[in-house]
Structures are given as C-alpha cells and as structure tokens.
Amino acid sequence: HYSGLEEAVYRNIQACKELAQTTRTAYGPNGMNKMVINHLEKLFVTNDAATILRELEVQHPAAKMLVMASHMQEQEVGDGTNFVLVFAGVLLELAEDLLRMGLSVSEASYSLITVIEGYEKACKKALEILPDLVCCSAKNLRDVEEVASLLHTSVMSKQYGNERFLAKLIAQACVSILPDSGHFNVDNIRVCKIVVSGAGISASSVLHGMVFKKETEGDVTSVKDAKIAVYSCPFDGMITETKGTVLIKNAEELMNFSKGEENLMDLQVKAIADSGANVVVTGGKVADMALHYANKYNLMLVRLNSKWDLRRLCKTVGATALPRLTPPTLEEMGHCNSVYLSEVGDTQVVVFKHEKEDGAISTILIRGSTDNLMDDIERAVDDGVNTFKVLTRDKRLVPGGGATEIELAKQITSYGETCPGLDQYAIKKFAEAFEAIPRALAENSGVKANEVISKLYAVHQEGKKNVGFDIEAEAAAVKDMLEAGVLDTYLGKFWGIKLATNAAVTVLRVDQIIMAKPAGGPKPPSGKKDWDEDQND
C-alpha cells in the first residue's frame, strides 16, 4: 500500500514515462518515424520530437511539464528536443525505482526531497564537468567546408544518408548572409519547396535573395535596382460603399461612363510610377484595367496572397505596406538589387535579389517528389540553421554518439561515491540516466545495448573521452567521435541537461493535481419542457 503522496507521484511519473517512450524510439539517425495525425487530420511522417509534440494534444498536466521543457529547448537551441524528453523520462523512471526501495509511509515525503536534492547536486556537477569534455571549437564560420562538417550530426539525425548534401546547402546559405557583426538571424534563411516528379533531393539548390512560387502579373519580368511599393490592398480602383443605379440614354453616355473610372485609374498608377517605384507588390487581386496601366508605365507587378509573405518581404527590402493605392514616399519604398522571373524545373518563381549587409536573405530551394518528404527535409534544414546560430554564440563542441553522456555518467558516479548521506543514491541514479542516450542509439540501430555500454565504459576507463557508439557498424562497436566528425554543440548539451533536470524535479515536487473543473456526480434532472401548457392546445 502506498501513501496518497506516493500514489500521486507514481501516477505523474507514469504519464511522463509513456510520453518519453513515444519519442525514444525516434532518437538518433536510425530512429523510427512516427505517423502523426493532428486535430485537423493533417498527416505528418517524421522522427522530429519537436514536431511530434507540437501536433500531439498532451492532456496530462505532469506530461505537459516535459513538453514545455522540450519547447524551451527548441526556443533556446533549436535542436536537442528529443534528448530533453528521453533524459527527463529516464530520470523520473529511476526516481520511481528509488521510491520503491522499501521506504515507509512516514518517510515518503523525506525520500522525495532526498531524491530531488540528489538530482540537483548531480545536475550542478554535470554542468561543471561539461566544459572539460569539449573536444574542439569551430575555427572559421565563413569557411563553407568547415561549417558543413559541423552541421553533419544535426542534419544526420533527421535525414540519414542525405546529410552531406544538405549540410553543404545549409552551410552555403548561412555563410553567404553572415554579417560582419556576427549577429546571425535564422529568419534570414528561407525555404521554398517545389514538388518535381523525377527530381530528387539532389536537385535542391541555394538562391541568394527571396523566392516566391508566383508568376508576375504584367508584361515586365525583370527590373534592376528595384524600388518597391508594397500594398496590402487589392490593386484596383476604389469601390463605393453604397450601390447606385445609372440610367444611360444614348451611346455617347455609355462611352463616357467608364472613361472617368479609366482616367482615375490612370492618374493613380501614373502617380505611383512618378514617385520612382518600378515594382509593385500587392496583397490582393489585380484588376484588368490596373494591369493595363501598370504595363503602360513599365511597372513590374507581383501578387502575394499571404500576409505573412508580404510582412517578411517588407522587412527584407525595408518597405512599408500601404493600405490604399497612394503614391509611396521615399521612406515607404523598399529597395533591392534586382527582381526577376525565373524558372526552376517547370515552376515559375519570382526572385527578389538583395545583397544589403544587414538585410541579406538566402533561400534554400528544396526539390522532392512528395510534400511529406519535403516537409521533413525542411525540418532538417531548420535544425541545421539553428545549429549554425548556436555556433555563432558559442563555438565549443563536444563528442556525440553517446561519448559525452558515458563520460558524464562515469565521473558523476565517482562523485556520488564521495558524497555522504542518502542523496548519494540519487546522484548515482542521475549518472545512470545518462546511459539512456547510447542505449537508445544502440536499440534503434538493432544492436545489443548492454554490450555497447559495457564497451564504452571500458574504453572511457582508459581515458579515451571522445569514443562513442558507431551506428554504422553491424555489431556493437565503438569509435572516436572527433575523428568521425560526429559532434554536438556545447550549448545544446548544456541546456538539454539543465532543462530535463528542471522538468523532472518539478514533476517530482507535485503531490496533487487540482483542476478548475466542475465536480463529478449525477447531473440534475432536466425536467419536461412546456410542463405548464395545456395538452389540448
């Protein structure tokens, strides 16, 4: 029999364990894909934990704590969300083992506090040890080859087999727009997906500038030294709010009827052209008459239906979106080097080429046969770009493939043996939790996990800190991760350990879940309608 406190804690731990188990089988390059169907019945096929969690509707409040920690990792680092989930899930699983080791009811609360204190001590120690495990640092973030080699690991976990090609593309895009100040903005890398039957991922490319899957509306298809007027309204004449009836008596009146509207439209478009603008971007429909006058005054016309695209373009070229067809001032106009219509495969695209220092944008054109495949590649690109951003903040790297985790486990176990008191058991369990990462990599690769972990411990006892699990070997094998180029970012590992421990400790501190909902019980009788009316009516 468990006390109420223990029962509540066990229920919370169970919910978190089930969530962690869902993404554990998706960990690493050989991880299985999950087919997720969200509340809108949209289908996702991916092994990206951030996407899986975003589309799942997690109901249990304790499991939501793990989801929040994973989202925090996504915001802070942009990668390593699955590490947070798996590690936090194992920490809670091992905490449950400690609580089941025969503690009496009166000691339940005390034992929980001991476990929490042990975990917090071990986490602090792990973050102290981590800087000593750094194996190398990025030397030159403007060298495409070097950056591509550093992005391999991040891309490999999502697109195993295509990582070299994709890492090269991401590196080219990131290096081309890295400003001298070093402040890299991930929003400056855009992804444009084009479905092409017969063309695989290898047909993908990088274009400098902003690319839209659109055709130009008018006759002008290319403009150099573009001055851009952006309108959020339709490119059309003004329509009156009230309806009116016009009585036309003869042919002359019919001829003159539309002339006034034509003259007004002519004046509006001419005013825009006279302001110096040579490209017009509109967020609404384009009227035939307006299109005629745009061609007459040599204005290039591009229509973007998405408000999000319109806002992004304004930010890129430095324009202000105008709500009415008024001529823009110099401050409201945007500028870029050139705007032109191009063709990728058999798809027409409009390219806004922009090479200004602080507003440079690169677009990665992804080619593929299905939307699902390209969505997954986009997620891999997103992780690669975020990894580059992390490297601009901190260039340190630690060995991947479970090497860092096994070394931390070894050193924290030694630290636990030096600690007096009951919290040493929690510290040793924290060290044991690190084994979950190489274990997940081994299990997902179809190799005996215990054999891998024992080999890793044996090698690390000899002082070889950079040796991790070799996922490409058919049997349980280990190799030097630094030589293999399997490297994780220091910041990714730092925040992952910190957030996973915080999430696990928060769940352990909860003894009751109180929800602001009406209490259960029988519903009150609804009663008959119209009970007081006469039956004969």
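- Under the annotation held in an unreviewed UniProt entry, the protein carries the name T-complex protein 1 subunit theta and is attributed to Mohoua ochrocephala.
- Entered under Sequence similarities (unreviewed entry) in the UniProt record, the comment concerning the protein runs "Belongs to the TCP-1 chaperonin family."
- Check the Subcellular location (unreviewed entry) section of the UniProt entry for the protein; it says "Cytoplasm".

## Examining the domain arrangement of the protein
Right, so step 1: According to the domain assignment, the protein consists of domain 1 (5-135 + 398-509), domain 2 (139-194 + 369-390) and domain 3 (209-353).
Right, so step 2: Put simply, the middle of domain 1 and the middle of domain 2, counted by C-alpha atoms, are 26 Å apart.
Right, so step 3: Listed as interface residues are 22 residues of domain 1 and, on the opposing side, 16 residues of domain 2.
Right, so step 4: At the surface where domain 1 touches domain 2, the tally comes to one salt bridge.
Right, so step 5: Between K158 and D48 there is a salt bridge, with its nearest N and O atoms 3.9 Å apart.
Right, so step 6: Elements with a minimum of two residues in the side of domain 1 that touches domain 2: β2 (43-46) and β17 (487-489).
Right, so step 7: Counting residues per element, the side of domain 1 that touches domain 2 draws most heavily on β2, which supplies four residues.
Right, so step 8: When grouped by side-chain class, the residues that make up the side of domain 1 that touches domain 2 number nine nonpolar, eight polar and five charged.

## A look at the sheet that holds strand β13 (residues 362-368)
Right, so step 1: One open sheet holds the three strands; their spatial order is β4-β13-β5, and the pairing between them is mixed. Edge positions in the sheet fall to β4 (189-195) and β5 (205-208), since each of these pairs with one other strand and no more. Neighbouring strand axes in the sheet, compared pairwise and without regard to direction, differ in orientation by 25° on average.

## Description of the packing of aromatic side chains
Right, so step 1: This model, assessed by the stated rule, comprises nine aromatic pairs.
Right, so step 2: Taking 5.5 Å as the distance between ring centres and 80° as the angle between the ring planes, the aromatic pair formed by F430 and F434 counts as edge-to-face. Assigned by exposure class, F430 and F434 land together as buried.
Right, so step 3: Among the aromatic residues, ring-to-ring pairing joins F83, F87, Y119, F430 and F434 into one connected group.
Right, so step 4: When the ring centre of Y490 is taken as reference, the NZ or CZ atom of R396 above it lies at 3.9 Å.

How each quantity is defined
- Residues numbered from 1 in each chain as written.
- Predicted model: local features only at pLDDT ≥ 70, side-chain atom pairs only at ≥ 80, totals over all residues.
- Heavy atoms only, no water.
- UniProt positions renumbered as here; feature names shortened; annotations may be inferred.
- Domains from an automatic or database assignment.
- Contact = heavy atoms within 4.5 Å.
- Salt bridge = Lys/Arg side-chain N within 4 Å of Asp/Glu carboxyl O.
- Helix = DSSP H or I, 4+ residues; strand = E, 2+ residues; numbered from the N terminus.
- Nonpolar A, V, L, I, M, F, W, Y, C, P; charged D, E, K, R; others polar.
- Pairing = 2+ DSSP bridges.
- Axes fitted to C-alpha atoms, helices over the stretch in contact; angles between N-to-C directions.
- Phe/Tyr/Trp six-rings, centres within 6.5 Å; stacked < 30°, edge-to-face > 60°.
- Buried < 20%, exposed > 50% of the residue type's maximum accessible area, 1.4 Å probe, protein only.
- Lys NZ or Arg CZ within 6 Å of the ring centre and 35° of its normal.

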